[in-house]
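Observations on chain architecture
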Amino acid sequence: MPHAQPSSCGPAAELFNWEVLGRVLADRPDALVVTGGKLLAHAPPRTLDEMHAYLSAGLGLCIRHGERHDDGLANVAQAFSVFGRAHVQLFVTAGRTHGFGWHYDDEEVFIAQTAGHKHYYFRSNTVAADEPARGAIFARYPQERSPMAAATLIAGDFLYLPSRWWHMAVCEETALSISVGVAPTSAPLEPRPSA
């Protein structure tokens, strides 16, 4: 089940702040420019000044594989790798907008809000839970009738979303967040020896 935990990941704010974003952008990461549930053909910004101009225009950014561009983010991916293959996505969202529309991920999703705040909406997937995540399948969302839940995250808050749960986030003010996707390994974890 999804789980939100307030004030549980305050140190994450240092892992993804504006300074870190500037360094990551300069490293030319794999990034998507998004707004209002649409992927745009715009070239990703490469400096903080360009990013702020995008935000002023209501455009956001999803940086894929952030762990490839920053040692601290690489450590985050490494820490989650005990559960499976982990990758880090970074979200930069303009206030009063949203990036992606309703969708789901094949991985378990762990979100740390590091700046600003967002309203996350989520619900169980009863119409496409057996289908791998892809755009054409997301069109089934209007058929969903499961109860909806919500959590508002401010800097330092955490949210876990199980794989294949529908979700989307609406940004109240310009926000930064880390999303760790974990594809569990097929083998069970070895029990840790007791002390």
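What this report covers is the structure whose coordinates are included nearby. (Residues numbered from 1 in each chain as written. Predicted model: local features only at pLDDT ≥ 70, side-chain atom pairs only at ≥ 80, totals over all residues. Heavy atoms only, no water.)

**Examining the packing of aromatic side chains**
- Applying the stated criterion across every chain yields a total of nine aromatic pairs.
- Taken together, a centroid distance of 6.2 Å and an interplanar angle of 85 degrees make the contact between Phe-91 and Phe-100 edge-to-face.
- Taking relative accessible area as the criterion, Phe-100 reaches 27% and is therefore assigned partly exposed. (Phe/Tyr/Trp six-rings, centres within 6.5 Å; stacked < 30°, edge-to-face > 60°. Buried < 20%, exposed > 50% of the residue type's maximum accessible area, 1.4 Å probe, protein only.)

**Some details on the sheet that holds strand β6 (residues 108–115)**
- Strand order in this open sheet of eight strands is β1-β9-β6-β11-β5-β4-β2-β3, and the pairing throughout is antiparallel. Across the chains shown, the open sheet's two edge strands, defined by having one partner strand only, are β1 (3–5) and β3 (38–40). Between one strand axis and the next, the sheet turns by 25 degrees as a mean value, whatever way the strands run.
- Pairing analysis gives three bridges linking strand β4 (residues 60–64) to strand β5 (residues 84–93), with the strands arranged antiparallel. Bridged to Ile-63 within β5 is Leu-90.
- Strands in contact with helix α2 (residues 18–26) are β4, β5 and β11 (175–184); relative to β4, the strand with the most contacts, it is inclined by about 65 degrees. (Pairing = 2+ DSSP bridges. Helix = DSSP H or I, 4+ residues; strand = E, 2+ residues; numbered from the N terminus. Axes fitted to C-alpha atoms, helices over the stretch in contact; angles between N-to-C directions. Contact = heavy atoms within 4.5 Å.)

**Description of the packing of α2 against helix α3 (residues 48–56)**
- Between α2 and α3, the least distance of the axes is 9 Å, while the angle of their chain directions is 110 degrees. The orientation of α2 relative to α3 falls into the category roughly perpendicular. Residues Trp-18, Leu-21, Gly-22 and Leu-25 of α2 touch α3, and the partners they reach there are Leu-48, Met-51, His-52 and Leu-55.
- Residues that form the contact of α2 with α3 fall into these classes: six nonpolar, two polar and no charged. (Parallel < 35°, antiparallel > 145°, perpendicular 65-115°, else oblique. Nonpolar A, V, L, I, M, F, W, Y, C, P; charged D, E, K, R; others polar.)

**A few points about the sheet that holds strand β7 (residues 117–123)**
- The strand order β8-β7-β10 describes an open sheet built from three strands, whose pairing is antiparallel. The open sheet terminates on both sides in strands that have one partner only, identified here as β8 (148–154) and β10 (166–171). Between one strand axis and the next, the sheet turns by 20 degrees as a mean value, whatever way the strands run.
- Examined bridge by bridge, β7 and β10 share six bridges and lie antiparallel to one another. If you follow Lys-118 over to β10, its bridge partner there is Cys-171.

**Section: the layout of surface pockets**
- Its boundaries defined by the atoms lining it, the largest pocket holds a volume of some 810 Å³.
- In this structure, the largest pocket is lined by 39 residues; those nearest its centre are Gln-89, Phe-91, Phe-100, His-103 and Asp-105.
- If you tally residues by element for the lining of the largest pocket, the top one is β5, at five residues.
- A breakdown of the residues in the lining of the largest pocket according to their chemical character gives 18 nonpolar, 14 polar and seven charged. (1 Å grid on protein atoms, 1.4 Å probe; cavity = no way out; pocket = protein on both sides within 12 Å on 5 of 7 lines; lining within 4 Å. Points joined across faces, edges and corners; volume = space filled by probe spheres on them.)

**Let's talk about helix α4 (residues 71–80)**
- Taken residue by residue, α4 has Gly-72, Leu-73, Val-76 and Ala-77 as its buried positions. Angularly, the buried residues of α4 cover 145 degrees about the axis, an arc narrow enough to put them on a single face. In α4, the exposed positions that point more than 90 degrees away from the buried face belong to Asp-71, Asn-75 and Gln-78.
- Packing partners of the buried residues in α4 comprise α1 (12–15), β5 and β11. (Arc of directions from axis to C-beta.)

**Observations regarding the pattern of salt bridges**
- Applying the stated criterion to the full structure yields five salt bridges.
- As a salt-bridge pair, Arg-64 and Asp-30 come within 3.1 Å of each other at their nearest N and O atoms. Of this pair, Arg-64 sits in strand β4 while Asp-30 sits in strand β2 (residues 30–35); the two residues are 34 residues apart in sequence, bridging distant segments of the chain.
- Among the charged side chains, a salt-bridge network with shared partners connects Glu-19, Arg-23 and Asp-70. (Salt bridge = Lys/Arg side-chain N within 4 Å of Asp/Glu carboxyl O.)

**With respect to α2**
- Of the positions making up α2, those classed as buried are Val-20, Leu-21, Gly-22, Val-24 and Leu-25.
- Summarising the contacts, the buried residues of α2 are in contact with α1, α3, β4, β5 and β11.
- At the N-terminal end of α2, a side-chain oxygen is found 3.1 Å from the backbone nitrogen of Glu-19, two or three residues along, and the residue is Asn-17. (Polar contact = N/O pair within 3.5 Å; in protein donor to acceptor, adjacent residues only side chain to side chain.)

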